[in-house]
Amino acid sequence: MNMINRAKELSLYTVFRIFVLDSRAFQSIEKQKRQIRADFIEILPGVMPKIIRRVNKLSTQPVIAGGLISDREDVIEALDAGAISVSTTNQDIWFM
């Protein structure tokens with residue numbers, strides 16, 4: 001049993017995290033969304049507005065943009081593309 005399904009059994013919120021390295025990532029999203037019922041999809045790197053829009057069309061789960069988010073412009077572009085939030089280790093962005 002995969003970790004996401006086990007976490008769902010425990011009533012935890014879950015995130016399906018996917019690194020979009022090439023076009024095969026979209027095939028993985030299509031396949032996984034039927035098998036894994038995660039609450040959110042996190043797209044890495046999150047600085048690809050076009051990819052965020054495409055994933056939003058593929059899935060009903062809300063999208064989080066993560067990775068390489070380094071400034072206000074990255075945050076705004078990700079949110080404008082349809083991400084519901086961003087994740088970053090850059091503390092300057094946490095309190096924008």
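What counts, and at which threshold
- Residues numbered from 1 in each chain as written.
- Predicted model: local features only at pLDDT ≥ 70, side-chain atom pairs only at ≥ 80, totals over all residues.
- Heavy atoms only, no water.
- Helix = DSSP H or I, 4+ residues; strand = E, 2+ residues; numbered from the N terminus.
- Buried < 20%, exposed > 50% of the residue type's maximum accessible area, 1.4 Å probe, protein only.
- Contact = heavy atoms within 4.5 Å.
- Salt bridge = Lys/Arg side-chain N within 4 Å of Asp/Glu carboxyl O.
- Core = buried A, V, L, I, M, F, W, Y, C linked by side-chain atoms within 4.5 Å.

Participant: Looking at this structure, I do not really get the overall build of the protein. What am I missing?
Facilitator: From N to C terminus, the protein includes five helices and four strands. Reading the protein from its N end, one meets helices and strands in the order α-β-α-β-α-β-α-β-α. Reported as C-alpha extents along the three principal axes, the dimensions of the protein are approximately 40 × 30 × 20 Å. Considering the protein as a whole, with its 96 residues, one finds that 35% of them fall into the buried category. Taking as baseline every contact in the protein between residues at least 6 positions apart, the subset at least 24 positions apart corresponds to 41%.

Participant: Please explain the pattern of salt bridges as it appears in this structure.
Facilitator: Between side chains of opposite charge, a pair can form as their charged atoms come close. Taken as a whole and judged by the stated rule, the model has four salt bridges. Of the charged contacts in the structure, one is a salt bridge between R6 and E9, with a shortest N-O distance of 3.1 Å. Of the two residues, R6 and E9 are both situated in helix 1 (residues 3-9); the distance of three residues between them amounts to about one turn of the helix. Classification of R6 as partly exposed rests on a relative accessible area of 42%. Look at E9 and you get partly exposed, because its relative accessible area is 48%. Its salt-bridge partner being E42, residue R17 comes within 3.0 Å of it at the nearest N-O pair. Of this pair, R17 sits in strand 1 (residues 15-19) while E42 sits in strand 2 (residues 40-44); the two residues are 25 residues apart in sequence, bridging distant segments of the chain.

Participant: Even after reading the chapter, I still don't get the environment of Q91, so can you show me in this structure?
Facilitator: Position of Q91 relative to the elements: it lies in helix 5 (residues 91-94). Distance in space between the C-alpha atoms of Q91 and S70 is 9.6 Å, their sequence separation being 21 residues.

Participant: Where do I start with the nonpolar core in this structure?
Facilitator: Across soluble globular proteins, nonpolar side chains show a tendency to be buried alongside one another. Grouped together as the largest cluster of nonpolar side chains are 23 residues, with contacts concentrated most on I18, F26, I29, I41, I43, I52 and V55. Elements that contribute at least two residues to this core include exactly strand 1, helix 2 (24-35), strand 2, helix 3 (49-58), strand 3 (63-66) and helix 4 (72-80). Sort the elements by how many residues they give to this core and helix 3 lands first, with four residues.

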